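Understanding the architecture of this molecule
Here are the chains, one letter per residue:
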Amino acid sequence: MNQLNLFVELTRLKKPIGYMLLFWPCSWGLTLAYDFSSDLNIYFFYLLLFFLGSVLMRSAGCIVNDVLDRKFDKKVFRTKDRPVASGKVSVKLALLYSVILCLIAFLVLINFNLFTIIIALASMPLAFTYPLMKRFTYWPQLFLGITFNYGLLLGWTSINGEISLIPIILYLGAIFWTLGYDTIYGFQDIEDDEIIGVKSTSIKFKQNPKIFLSICYLIFTSFFVVTGIKLNFNYYFFIGAMAVLFHLLVIQIMSFNKKNKEKCLEIFKGNNVLGLIILICILVGKLN
């Protein structure tokens, strides 16, 4: 039981926000591409596959992150008790867990078409090198956005078997969504990060974070609206887009306080609800 608890802690399975933020873009891409006049069983089956894949890959990613960051994590109050940093789980065992999770994720992946399998595998180097970025650049959140929203493209290709401009537009916008919410998340550790010398957008824009966040969220909303226009969505979609903008600018940015760590975490977690709102907007927008 102790090993099981350590595995759950290592993979953050008790913290669903991580894998949900990975899952929502997959569901958006799938829903954008799907023809709802056809068999809905395939849609729900693919949703399940993307959910399982998100849980598995986020868990594997957390392990790799903890192995690479173990020396930094020891120096940060919020992360010093993580299993690898504290020595409760060895590096070899942690990496073994990660390999097993990736193999199971591959069994999920092979249910999709060949093109989706190929482009999913092509993203793996970026997914597992992301934790290194904060050593070299103030923009690790940008690399996280590129990685975390990649499932949007996979959702689209799982149905169409090819890429097109429409999912790329929303994908580029979603990168700015992640850039915003992970900057907010980073303010929890900003004092420790500055001491140990790692970089983030939270540090880079610490003087005027709300300006930076507003720019990121306005770009995301604009790209979201353009996606709806390109697909000729009905006006309900654009009403929903206003709700998305309200959530980003009012519920998140206006209530944001960079000195309140609990509030930063609360706002970050609120993006799970936003992911669902966006999915509903896409679904409603496709109604005839």
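Above this text sits the structure in question.
Calculation criteria
Residues numbered from 1 in each chain as written. Predicted model: local features only at pLDDT ≥ 70, side-chain atom pairs only at ≥ 80, totals over all residues. Heavy atoms only, no water. Helix = DSSP H or I, 4+ residues; strand = E, 2+ residues; numbered from the N terminus. Rg over C-alpha atoms; globule rule 2.2 N^0.38 Å. Buried < 20%, exposed > 50% of the residue type's maximum accessible area, 1.4 Å probe, protein only. Contact = heavy atoms within 4.5 Å. Areas by Shrake-Rupley, 256 points an atom, 1.4 Å probe, with all protein chains shown as cover. Polar contact = N/O pair within 3.5 Å; in protein donor to acceptor, adjacent residues only side chain to side chain. Arc of directions from axis to C-beta. Phe/Tyr/Trp six-rings, centres within 6.5 Å; stacked < 30°, edge-to-face > 60°. Lys NZ or Arg CZ within 6 Å of the ring centre and 35° of its normal. Patch = residues over 30% accessible without salt bridge, like charges linked within 9 Å, V, L, I, M, F, W, Y side chains within 5 Å. Salt bridge = Lys/Arg side-chain N within 4 Å of Asp/Glu carboxyl O. Expected span 1.5 Å × (residues − 1).

1. Considering the overall build of the chain
Scanning the chain for helices and strands turns up 16 helices and zero strands. Computed over C-alpha atoms, the radius of gyration of the chain comes to 19 Å, within 12% of the 19 Å expected from 2.2 N^0.38 for 288 residues, which places it in the range of a compact globule. Based on the C-alpha atoms only, the size of the chain along its principal axes is roughly 55 × 45 × 30 Å. Counting across all 288 residues of the chain, residues that qualify as buried make up 51%. Taking the intrachain contacts of the chain between residues at least 6 apart in sequence as the baseline, contacts between residues at least 24 apart amount to 76%. Summed over all atoms, the accessible surface of the chain reaches about 13600 Å², with 69% contributed by carbon and sulfur.

2. Points about the side chain of Thr178
Mapping Thr178 onto the fold places it in helix α10 (residues 165-186). According to the relative accessible area criterion, Thr178 is buried, its value standing at 0%. A distance of 2.8 Å separates the side chain of Thr178 from the side chain of Asn149, its partner in a polar contact. When neighbours within four sequence positions are excluded, Thr178 is seen to be in contact with Gln141, Leu144, Gly145, Asn149 and Thr183.

3. Quick word on helix α15 (residues 261-269)
Residues of α15 that are buried: Cys264, Ile267 and Phe268. Down the axis of α15, the smallest arc covering the buried residues is 100 degrees, so these residues share one side. Check the buried side of α15 and you find it contacts α2 (17-33), α10, α14 (235-254) and α16 (271-285). Capping of α15 at its N-terminal end is provided by Asn260; its side-chain oxygen lies 3.2 Å from the backbone amide nitrogen of Glu262.

4. Focus: the packing of aromatic side chains
Per the stated rule, a full pass over the model turns up 27 aromatic pairs. The interplanar angle of 65 degrees and the centroid separation of 5.3 Å between the aromatic rings of Tyr34 and Phe36 together place this pair among those described as edge-to-face. Of the residues examined, Phe36 reaches a relative accessible area of 30% and is grouped as partly exposed. Following the ring pairs from residue to residue traces out a cluster consisting of Trp28, Trp177, Tyr181, Tyr185, Phe220, Phe224, Phe233, Phe237, Phe238 and Phe268. We note Lys199 situated over the ring of Tyr138; from NZ or CZ to the ring centre the distance is 5.8 Å.

5. Quick word on a nonpolar patch on the surface
On the surface, Phe115, Ile163, Leu165, Ile168 and Leu172 cluster together into a nonpolar patch covering about 390 Å² of accessible area. The biggest single contributor to the nonpolar patch is α10, with three residues. Note on Ile168: relative accessible area 31%, which makes it partly exposed.

6. Some thoughts on helix α13 (residues 209-230)
In a regular helix each residue adds 1.5 Å, so 22 residues correspond to 32 Å; α13 covers 32 Å between its end C-alpha atoms and thus fits that length. Among the residues of α13, Pro209, Phe212, Leu213, Cys216, Tyr217, Phe220, Thr221, Phe224, Thr227 and Gly228 are the ones counted as buried. Looking straight down α13, one finds that the buried residues subtend no more than 160 degrees of arc, so they occupy a single side. Residues Ile211 and Ile229 are exposed on α13 and point more than 90 degrees away from its buried face. Where α13 is buried, its residues meet α2, α10, α12 (201-204), α14 and α16. Immediately beyond the C-terminal end of α13, within one or two residues, lies Asn232, with a positive phi of roughly 55 degrees.

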